[in-house]
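Breakdown of the fold
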Amino acid sequence: MTADGEIIHFDNVGLRYGTDREVLSDLTFTLFAGRFYFLTGASGAGKTSLLRLLYLSQRPSRGAIRMFGTDAITLPRARLPVLRRRIGVVFQDFRLIPHLSAFDNVALPLRVAGHQERDIFGPVRDILEWVGLADRLDARPATLSGGEQQRVAIARAVIARPAMLVADEPTGNVDPEMAQKLMRLFEMLNRQGTTVVVATHDLDLLRKVSDSLIMRLDRGRLSDPTGALRYPPRKPA
Amino acid sequence: MIFAKAPADGAPRLGWRRLGVRSAELVPQARMAGPMPWVIAIMVALTAIALAAGLAIGNAVTSARAEIEGGVTVQLLEPRADVRARETRAAIDALKRQPRIAGLRQVPQAELDALIEPWLGTEIAAPGSTGSAIPVPALIDVRLNGAATPERLKALETVLAPVAPSARIDAQASWLKPVFDAMVSLQVLAIALVALLAFALAAAVLLAARSALGANREVIEIVHLLGGTDAQVARVFQRSIGLDAAGGGAVGLALAMVVILSIGRRFGGLGAGMVDSGALVWTDWLLLALVPLLSTVLAMLTARFTVLHALRKML
């Protein structure tokens, strides 16, 4: 993170798959530490592609990306895990490991990061309890409903307290009550300093989080009419 | 506290070393259920049998060489029995006076009769004599200190020529050379088989690792996105294939032992000198026991390098 609180900076970034036309074009924006961002746009606008760039699943075709003060374009592969461990991801299709239990799926980021087993059980059990799955610790993903799988995916994304949380339609498969609860969890993380980026179609969600900033994608281009992405308003203390 | 304390520096730590069996669970695979352990069992069994054959042949060659290296046979070809007997005594006396002779003995007539019996039968003795009616050469078996070199044979010929003109001297090693050459060829073949089987094992593991990588690509991508390193992913595959190789290796060695002991017992029953000298010694058994261990190490290294190489192509 830089001195002015910048954690992510995109400079004239473009992305194309193969020889097709660019799905993302001329993206220039900055994400600041501790802010809450909503990424909106119509289907096919490029939200998922932008998220893939944010959680380092994809390199851009052009432009520069700086993450946590590091040039993410020239960073050697071997050092990518360092950055990835600072990013929590909630995938739209959950991407739980099918043969691992809910507990082991949630524990995975901690195990990957080298936490001791004795430091893992308590937090994993607590967060699964918090998302209402205390009685499903040993359940395999295939035996969980879509909503339960989504909650496991969210628990996995936040268990290691990432510096940035990226979520792709995180409330798409849960009931309104759980959706509200999950948004409270995101807000709680945000208050503790985690930058949150949520891609969503649900415009109601935008109104529920105060001081959130909106990134609107339209056919691969980001609109920032107010300049809030470049010069965000000061966050109230 | 809901959340775990995040590492302060965000630096990668190879924590899966402490995970034990849990890390291997990332790749779902029932032990001894797939074909890989059985392929490894067959490879290890064949390798151990080939190695045992190579070692046994090596032992037989070494032992026989040591035994006949200084061996010289003196044949007295004189057809007249009385002259032959006189020349034999004179030759023995002359040889006894020579330096660097470890020992000598005249091959008894009974042994000579036994040697020719398979071809000429037992009804060839001259009436009223102990010898054969056919003029069979007298044989003197001489042991030299050191190898029977052409120079030493020439010196012996020079000594014997005046006292036993019909004497002909042969180094035993020279007429057994084709046999030794054939045995050494078999030994080389056995070593080549061991090398080929090791290569085949590595190739089988490479294919299995690639197949497992393909089948688990989604899982690997998730682990990567959660911050897993290539080394961590490789360790999972390495461990999984290592367990398969260890199980398969144990089964293969057991199978090979049954075959080796069974064949060893059958050859032992022949009572032939050169075959008996090919028996495996304890160091050979130790080498055979190392086969599954080395196979496991080879399989794990192959899996590791295959996976690391493949992962380099992923982001």
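All values derive from a computational prediction rather than experimental measurement. (Residues numbered from 1 in each chain as written. Chains lettered and ligands numbered in written order. Predicted model: local features only at pLDDT ≥ 70, side-chain atom pairs only at ≥ 80, totals over all residues.)

**Points about the overall build of chain B**
Of the regular secondary structure elements, chain B holds ten helices and four strands. The secondary structure elements of chain B, listed N-terminal to C-terminal, are α-α-β-α-β-α-β-α-β-α-α-α-α-α. Taking all 315 residues of chain B together, 33% fall into the buried category. (Helix = DSSP H or I, 4+ residues; strand = E, 2+ residues; numbered from the N terminus. Buried ≥ 20, exposed ≤ 12 C-beta atoms within 10 Å, placed from the backbone.)

**As for the overall build of chain A**
Within chain A, the regular secondary structure consists of seven helices and ten strands. Taking 237 residues into account, the globule formula puts the C-alpha radius of gyration at 18 Å, and chain A, at 17 Å, falls close to it. Burial analysis of chain A (237 residues in total) assigns 45% to the buried set. The contacts in chain A between residues at least 6 apart in sequence include a share of 70% that link residues at least 24 apart. (Rg over C-alpha atoms; globule rule 2.2 N^0.38 Å. Contact = placed C-beta atoms within 7 Å.)

**A word on the UniProt feature "transmembrane region" (unreviewed entry) in chain B**
Residue and element names in this part refer to chain B. Per the UniProt record, "transmembrane region" (unreviewed entry) is found at residues 38–57, 184–209, 245–265 and 285–307. Helix makes up 100% of residues 38–57 and strand makes up 0%, while its end C-alpha atoms are separated by 28 Å. Here residues 184–209 is 100% helix and 0% strand, with 37 Å between the C-alpha atoms at its ends. (UniProt positions renumbered as here; feature names shortened; annotations may be inferred.)

**Some remarks on the sheet that holds strand 3 (residues 36–41) of chain A**
Residue and element names in this part refer to chain A. Read across the sheet, six strands follow the order 6-7-8-3-9-10 without closing on themselves; strand pairing throughout is mixed. Edge positions in the sheet fall to strand 6 (87–90) and strand 10 (221–223), since each has one partner strand and no second. Strand-to-strand twist across the sheet, computed as the mean angle between neighbouring axes with direction ignored, equals 20°. Across three bridges, strand 9 (residues 213–218) lies against strand 10 in antiparallel orientation. Its bridge partner lying in strand 10, Asp218 is registered against Arg221. Each of strand 6 and strand 7 (164–168) is contacted by helix 5 (residues 146–158), which is oriented at about 175° to strand 6, the strand it contacts most. (Pairing = 2+ DSSP bridges. Axes fitted to C-alpha atoms, helices over the stretch in contact; angles between N-to-C directions.)

**Quick word on helix 5 of chain A**
Residues and elements named next belong to chain A. Helix length check: helix 5 (13 residues) gives 19 Å between terminal C-alpha atoms against 18 Å at 1.5 Å per residue, within 8%. Of all the 13 residues making up helix 5, eleven are buried; the element is thus mostly covered by neighbouring parts of the structure. For helix 5, the secondary structure elements touched by its buried residues are strand 6, helix 3 (102–112), helix 4 (121–130), strand 7 and helix 6 (176–191). (Expected span 1.5 Å × (residues − 1).)

**Points about the nonpolar core**
Considering soluble globular proteins, one finds that nonpolar side chains tend to be buried as a cluster. One finds Val106(A), Val166(A) and Ala48(B) to be the most contacted residues of the largest nonpolar core, which totals 122 residues. Sort the elements by how many residues they give to this core and helix 2 (residues 36–68) of chain B lands first, with 20 residues. Each residue touching Ala48(B), except ones within four places of it in the same chain, is listed here: Gly252(B), Leu253(B), Ala256(B), Leu288(B) and Val291(B). Among the nonpolar cores identified, the runner-up in size contains 16 residues, and Val74(B), Ala91(B), Ala138(B) and Leu144(B) belong to it. (Core = buried A, V, L, I, M, F, W, Y, C linked by C-beta atoms within 7 Å.)

**A closer look at unusual backbone geometry**
With the exception of glycine, most residues fall at negative phi, and the peptide bonds are largely trans. Residues and elements named next belong to chain A. One non-glycine residue, Leu56, adopts positive backbone phi at about 60°. Examined against the element boundaries, Leu56 turns out to sit in the loop between helix 1 (47–54) and strand 4 (62–67). Of note, the phi angle at Arg219 is positive, near 45°, even though the residue is not glycine. Relative to the helices and strands, Arg219 resides in the loop between strand 9 and strand 10.

**A short note on the environment of Leu56(A)**
Residue and element names in this part refer to chain A. Taking the number of C-beta atoms within 10 Å as the measure of exposure, Leu56 has 22 and is therefore buried. In sequence terms Leu56 and Met67 are eleven residues apart; their C-alpha atoms lie 9.9 Å from each other. Excluding residues within four positions of it along the chain, Leu56 makes contact with Ala72, Leu80, Leu83 and Arg84.

**Thoughts on the sheet that holds strand 4 of chain A**
Read from one edge to the other, the open sheet built from four strands follows the order 2-1-4-5 (chain A), with strand pairing classed as antiparallel. In the strand order of this sheet, the two ends are held by strand 2 (24–32) and strand 5 (70–71) of chain A, each with one partner.

**So, the pairing of strand 7 of chain A**
All names here are of chain A. Taken across its five residues, strand 7 has five buried, putting it largely inside the fold. Of the two faces of strand 7, the one holding Met164, Val166 and Asp168 and the one holding Leu165 and Ala167 are both buried throughout. Across four bridges, strand 6 lies against strand 7 in parallel orientation. Residue pairing in the sheet places Val90 in a bridge with Ala167 of strand 7.

**Thoughts on helix 3 of chain A**
Helical geometry note: an α-helix holds 3.6 residues per turn, so side chains three or four residues apart project in the same direction. Burial analysis of helix 3 of chain A places eleven of its eleven residues in the buried class, which makes it a mostly covered element. Along helix 3 of chain A, the residues classified as buried are Ala102(A), Phe103(A), Asp104(A), Asn105(A), Val106(A), Ala107(A), Leu108(A), Pro109(A), Leu110(A), Arg111(A) and Val112(A). Looking at the buried positions of helix 3 of chain A, the neighbouring elements they touch are helix 4 and helix 5 of chain A together with helix 7 (217–225) and helix 8 (230–268) of chain B. Downstream of helix 3 of chain A by a residue or two, Gly114(A) has a phi angle that is positive, lying close to 90°.

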